[in-house]
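# Overview (structure and organization)
Each chain, written out:
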Amino acid sequence: MAKSATDLMQEILFSTVLDSIVALKDASNGLPNPLLRELNSIHPNTTYADLPKEVQSAIATNVRSAFTRLLKEGYSVAPQGAEPRRGPPAAATPVQRGERRPPRSGGQGPRRGPGAGPGNKPRRP
């Protein structure tokens, strides 16, 4: 049975957090004081560049494996708002002189009637 997207993302994030903690431990060379210093330096405004190189590489590796895993599970990974790619757009055929244009997608052409032309203004009484 296929896993839901929520379960899959939870597993991916959990493994990323664990790998990052192990990378923090490796960055401190097994010493408690540097480990505490690194942990205390992480706060909500910490950027990716502020993290130790070991943690950065662990995150980068996990992101690549997460995309691979999502694709293997059959999920589509695309930018937000992106539509699936379709063939190239059909080229519009130029209208030759004397030919009629096809009707607009609304099914009706522009309304024409007395007083509805482009140069006519409504009359005031």
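Before reading on, note that the structure itself is shown above.
The sections below set out a description of the structure shown in this document. (Residues numbered from 1 in each chain as written. Predicted model: local features only at pLDDT ≥ 70, side-chain atom pairs only at ≥ 80, totals over all residues. Heavy atoms only, no water.)

## Overview of unusual backbone geometry
Our working definition: Helix and strand assignments follow DSSP, with helices taken as H or I runs no shorter than four residues and strands as E runs no shorter than two, numbered in order from the N terminus.
The backbone phi angle of Asn-29 is positive, close to 55 degrees, even though this residue is not glycine. When you line up the elements, Asn-29 lands in the loop between α1 (5-27) and α2 (32-40).

## Let's talk about the side chain of Ser-20
What counts here: Using a 1.4 Å probe on the protein chains alone, a residue whose accessible area is under 20% of its type maximum counts as buried, one over 50% counts as exposed, and one in between counts as partly exposed. Whether two residues are in contact is decided by their heavy atoms, any of which lying within 4.5 Å being enough.
The residue Ser-20 is located in helix α1 in this model. Overall, Ser-20 belongs to the buried group, its relative accessible area being 14%. Aside from chain neighbours lying at most four places away, what touches Ser-20 is Val-55 and Ile-59.

## Topic: the nonpolar core
The test is simple: Put simply, buried Ala, Val, Leu, Ile, Met, Phe, Trp, Tyr and Cys residues joined by side-chain atoms within 4.5 Å make one nonpolar core.
One finds Ala-23, Leu-24, Leu-51, Val-55 and Ala-58 forming the largest nonpolar core, which totals five residues. Only α1 and α3 (53-72) provide two or more residues apiece to this core. The residues touching Ala-58, leaving out its near neighbours within four places in the chain, are Asp-19 and Ala-23.

## Brief notes about a nonpolar patch on the surface
Heads up, the rule is: Within this analysis, patches are made of residues with over 30% relative accessible area and no salt bridge. Like charges are joined at 9 Å or less; nonpolar side chains (Val, Leu, Ile, Met, Phe, Trp, Tyr) at 5 Å or less. Accessibility throughout is a Shrake-Rupley quantity obtained with a 1.4 Å probe, and a residue counts as covered only by protein chains that appear here. Any carboxyl oxygen of Asp or Glu within 4 Å of a side-chain nitrogen of Lys or Arg constitutes a salt bridge here.
Among the surface-exposed residues, Phe-14, Val-17, Leu-18 and Ile-21 lie close enough to one another that they form a single nonpolar patch of about 370 Å² accessible area. Mapping Phe-14 onto the fold places it in helix α1.

## Some details on the environment of Ile-21
Relative to the assigned elements, Ile-21 resides in helix α1. The exposure class assigned to Ile-21 is partly exposed, which follows from its relative accessible area of 41%. Note: C-alpha distance between Ile-21 and Ala-58 (37 residues apart in sequence) is 9.5 Å.

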